[in-house]
Amino acid sequence: MQRVHDLLQRAGLATPPPRIGADRAMQLMSVDKKVRAGRIRLVLLESLGRARFTADYPDDALAATLTAQFG
């Protein structure tokens, strides 16, 4: 995890993420190109180098995650 933090800092990106709020994060995600039929599709890592798109997740889990990350 420290490696990721260091890479983000070297790239000039915010660490920790800005406190934009869960509602604003959801608004921004809702206009992403991965949205299909009004449903936000997430990119989840299965293992190093293996990712998948999914819209199969509990809405309350996404809301809780966004609140924890963005305030």
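Analysis parameters
Along each chain, residues carry numbers from 1 onward, in the same order as the chain's sequence is written. Reporting of local features is limited, given that this is a predicted model, to residues whose pLDDT is at least 70; pairs of side-chain atoms are given and counted only at 80 or more, and all residues count toward the totals for whole chains, interfaces and linings. With hydrogens and water set aside, each side-chain value is computed from the structure's full complement of heavy atoms. We define the nonpolar core as a collection of buried residues of types Ala, Val, Leu, Ile, Met, Phe, Trp, Tyr and Cys that are connected through side-chain atoms lying within 4.5 Å of one another. The classification of residues rests on relative accessible area computed with a 1.4 Å probe and restricted to protein chains. Under 20% of the type maximum is buried, over 50% is exposed, and intermediate values are partly exposed. Counting from the N terminus, the helices are DSSP H or I runs at least four residues long and the strands are E runs at least two residues long. Contacts: residue pairs with any heavy atoms within 4.5 Å of one another. Angles run from 0 to 180 degrees between N-to-C directions of axes, and those axes are lines fitted to C-alpha atoms, restricted for helices to the stretch in contact. Should the near helix be turned counterclockwise from the far one by less than a right angle, the crossing is left-handed, whereas a clockwise turn marks it as right-handed. Under the scheme applied here, ten amino acids are nonpolar (Ala, Val, Leu, Ile, Met, Phe, Trp, Tyr, Cys and Pro), four are charged (Asp, Glu, Lys and Arg), and all others, including Gly, are polar. Note on ring pairs: Phe, Tyr and Trp rings are taken, using the six-membered ring of Trp, and paired if centres are within 6.5 Å. Classes follow the plane angle, with under 30 degrees stacked, over 60 edge-to-face and the rest tilted. In this scheme, the term charge over a ring applies when either NZ of a lysine or CZ of an arginine sits within 6 Å of the ring centre and within 35 degrees of the ring normal.

> Just to check I follow, could you spell out the nonpolar core for this structure?
Nonpolar side chains in soluble globular proteins tend to end up buried together. Residues Ala-22, Ala-25, Ile-40, Leu-42, Tyr-57, Leu-62 and Leu-66 constitute the largest nonpolar core, which totals seven residues. Counting residues per element, the ones that place at least two in this core are α2 (22-29) and α3 (59-70). If we ignore the near neighbours within four places in the chain, the residues touching Leu-62 are Met-26, Met-29, Leu-42 and Tyr-57.

> What's the story with the packing of α2 against α3 in this structure? I'm lost.
Each pair of packed helices can be described by the angle between their axes along with the distance between the axes. At their nearest, the axes of α2 and α3 sit 8 Å apart, and the two run at 115° to each other. Regarding α2 and α3, the two cross each other, and that crossing is right-handed. Touching Ala-22, Ala-25, Met-26 and Met-29 of α2 are Leu-62, Leu-66, Thr-67 and Phe-70, all from α3. Tallied by class, the residues present in the contact of α2 with α3 amount to seven nonpolar, one polar and no charged.

> It is not clear to me how the packing of aromatic side chains should be interpreted in this structure. Could you clarify?
Aromatic ring pairs are defined here through the distance separating the ring centres and the angle between the ring planes. Evaluation of the coordinates by the stated rule reveals zero aromatic pairs. Between Arg-41 and the ring centre of Phe-53, over which it is positioned, the NZ or CZ distance is 4.9 Å.

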